[in-house]
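Okay, here's what each chain looks like letter by letter:
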Amino acid sequence: MNTNAKIIAQTYIGDFGQMMESVRIEGLTQKINREDIVLHDCYVDFCNTIPCKGVLSVKINEGDTLITFDPFLFLRDFSIEVAGLTINRNTIDKTSIKNEELFGSYTEDDVVYRMYEPKAHSPRPLILFLHGGGECGTDNLMQLTGTLGAIKLAERFPDMFVLAPQAPDYGITMQEMFAKIKAHGDPFRVSIGADTDIGTGDRGWNRDYVGRVCDLIRKFIAEGKVDAERVYVIGMSMGGAGVITTVSVAPDLFAAAIPICPSMNGDSYPLLANWPSVPVYIASAYIDHQACRHAYILRACNKLWAEGQKDVNFTLFTAEELEKYNIVASPNLTEAQIRGNNHNSWVLVLHNEYGILDWMISHQKKN
């Protein structure tokens, strides 16, 4: 057993978030066979039911051992046994994330954010990315690694700014926040004025915080960095509802918006039903963990269409479309797991299904 070994994990952001693809063990040079390495709880799917295919190769190079895997989810309780060492997220000394270095790390006016900046000499478009509920906090990292999102956007649109703020958690876990809302009744009920909204000082995309994010974008515009006519916002789940809140706070700022599987409750539904004249494309799976999500989205869209708003779009991805991205309604899954699995519908949007991303960047604000 080598107690002085330094363990370095190489990861990247895949469709289901941060994926482990290899580990380098510095100082370990003893011969190791693939069959001597034991993997525990190394899964490739959101529901933790499909194990990875194991070790692909073991190589010794310049005094280090490099082990390459069939990639598996990094943000899980995996464990790897090799040469007397136990490798998990607690024992890894350093984690490298492909293309994380493209994003600068900042805190301004209590807004914690990462930002990709294109190499340009004239104002460029900006995409505001709002993460989901599991990535709140202050580490200024989880908004890049928890799900597919900001890094994928920067890779696809290298000529645009990608702004990825991190919503505050104020020391409250997602489960505690959900319990707080649930104490007032069904957290997804759509009772106008019901006490289910996220207020100032609450975990997530509260109006006070997104207002300061919008002020940050206005500052970039004033500095000549960002094209004022091409500012876009996209987000998923809690971030999808965050898109709705953000546009309601600053409808003059955005050229187009994409809320993906946005939560529908007593706060988000009336905002969507009274949507301003900002082009919007809403997308979700054919069934999701919030049973009434689609009914309320459709009700809001019908109201907007009846009022003459033409650039309001709503797509539901079918089971077959989801399966193309390994979001599978397997018979081995419970109904709750299938609904939770389908919640990953943002994967399809970020792969530009139906040309949704192309639709977004085709818009230019009319002043």
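An account of the accompanying structure is given in this report. Here the structure is a predicted model, which means the values were calculated and not measured.

Take helix 5 (residues 238-249) next. The end-to-end C-alpha distance of helix 5, which contains 12 residues, comes to 16 Å, matching closely the 16 Å that a straight helix rising 1.5 Å per residue would cover. With 10 of its 12 residues buried, helix 5 lies for the most part within the structure. Of the residues making up helix 5, those classed as buried are M238, G239, G240, A241, G242, V243, I244, T245, T246 and V247. Buried residues along helix 5 sit against strand 11 (124-130), helix 4 (207-222), strand 13 (226-236), strand 14 (256-260) and helix 6 (268-273).

Let us now look at the nonpolar core. If you look at the biggest cluster of nonpolar residues, it comprises 45 residues, and the most contacted ones within it are L126, L128, L163, F254 and W275. Considering each element in turn, this core owes the most residues, 7 residues, to helix 4. Beyond its immediate sequence surroundings of up to four residues, W275 is in contact with I244, V247, A257, V280, L304 and Q309. Core analysis: the next-biggest nonpolar cluster, separate from the first, contains 44 residues, M19, F129, M160 and Y232 among them.

What follows covers the sheet that holds strand 13. Taken in spatial order, the 8 strands make up an open sheet running 9-10-12-11-13-14-15-16, and their pairing is mixed. Either end of the sheet is taken by a strand with one partner, and the two such strands are strand 9 (103-108) and strand 16 (312-317). Across the sheet, the mean angle from the axis of one strand to that of its neighbour is 20°, orientation sign disregarded. In the sheet, strand 11 pairs with strand 13 via 6 bridges, with the strands oriented parallel. Directly across from I127, in strand 13, lies its bridge partner Y232. Here helix 4 sits on the sheet in contact with strand 9, strand 10 (111-116), strand 11, strand 12 (161-166) and strand 13, set at roughly 40° to strand 10.

What follows is about the sheet that holds strand 5 (residues 64-73). Spatially, 5 strands are ordered 4-5-2-1-8 in an open sheet, and the strand pairing comes out mixed. Pairing within the sheet leaves two strands with one partner each, and these edge strands are strand 4 (55-61) and strand 8 (94-97). Taken pair by pair, the neighbouring strands of this sheet meet at an average axis angle of 20°, ignoring direction. Summarising the sheet, strand 4 and strand 5 pair through 6 bridges and their orientation is antiparallel. For V55, the partnering residue across the bridge sits in strand 5 and is F69.

Further remarks concern the state of the cysteines. Scanning the model with the defined rule gives 0 disulfides in all. Take C47: it sits in no disulfide, and the sulfur closest to it among the cysteines is that of C261, at 14 Å. Note on C261: relative accessible area 0%, which makes it buried.

Next up on the list: helix 4. Within an α-helix, residues lying three or four positions from one another point in the same direction, as the helix has 3.6 residues per turn. The first and last C-alpha atoms of helix 4 sit 22 Å apart over 16 residues, in line with the 22 Å expected at 1.5 Å per residue. Of all the residues in helix 4, the buried ones are Y209, V210, G211, R212, V213, C214, L216, I217 and F220. Each element contacted by the buried residues of helix 4 is listed here: strand 9, strand 10, strand 11, strand 12, strand 13 and helix 5. Looking one or two places after helix 4, you find G224, whose phi comes out positive at around 85°.

Cut-offs and rules
- Residues numbered from 1 in each chain as written.
- Predicted model: local features only at pLDDT ≥ 70, side-chain atom pairs only at ≥ 80, totals over all residues.
- Heavy atoms only, no water.
- Helix = DSSP H or I, 4+ residues; strand = E, 2+ residues; numbered from the N terminus.
- Expected span 1.5 Å × (residues − 1).
- Buried < 20%, exposed > 50% of the residue type's maximum accessible area, 1.4 Å probe, protein only.
- Contact = heavy atoms within 4.5 Å.
- Core = buried A, V, L, I, M, F, W, Y, C linked by side-chain atoms within 4.5 Å.
- Pairing = 2+ DSSP bridges.
- Axes fitted to C-alpha atoms, helices over the stretch in contact; angles between N-to-C directions.
- Disulfide = S-S within 2.5 Å.

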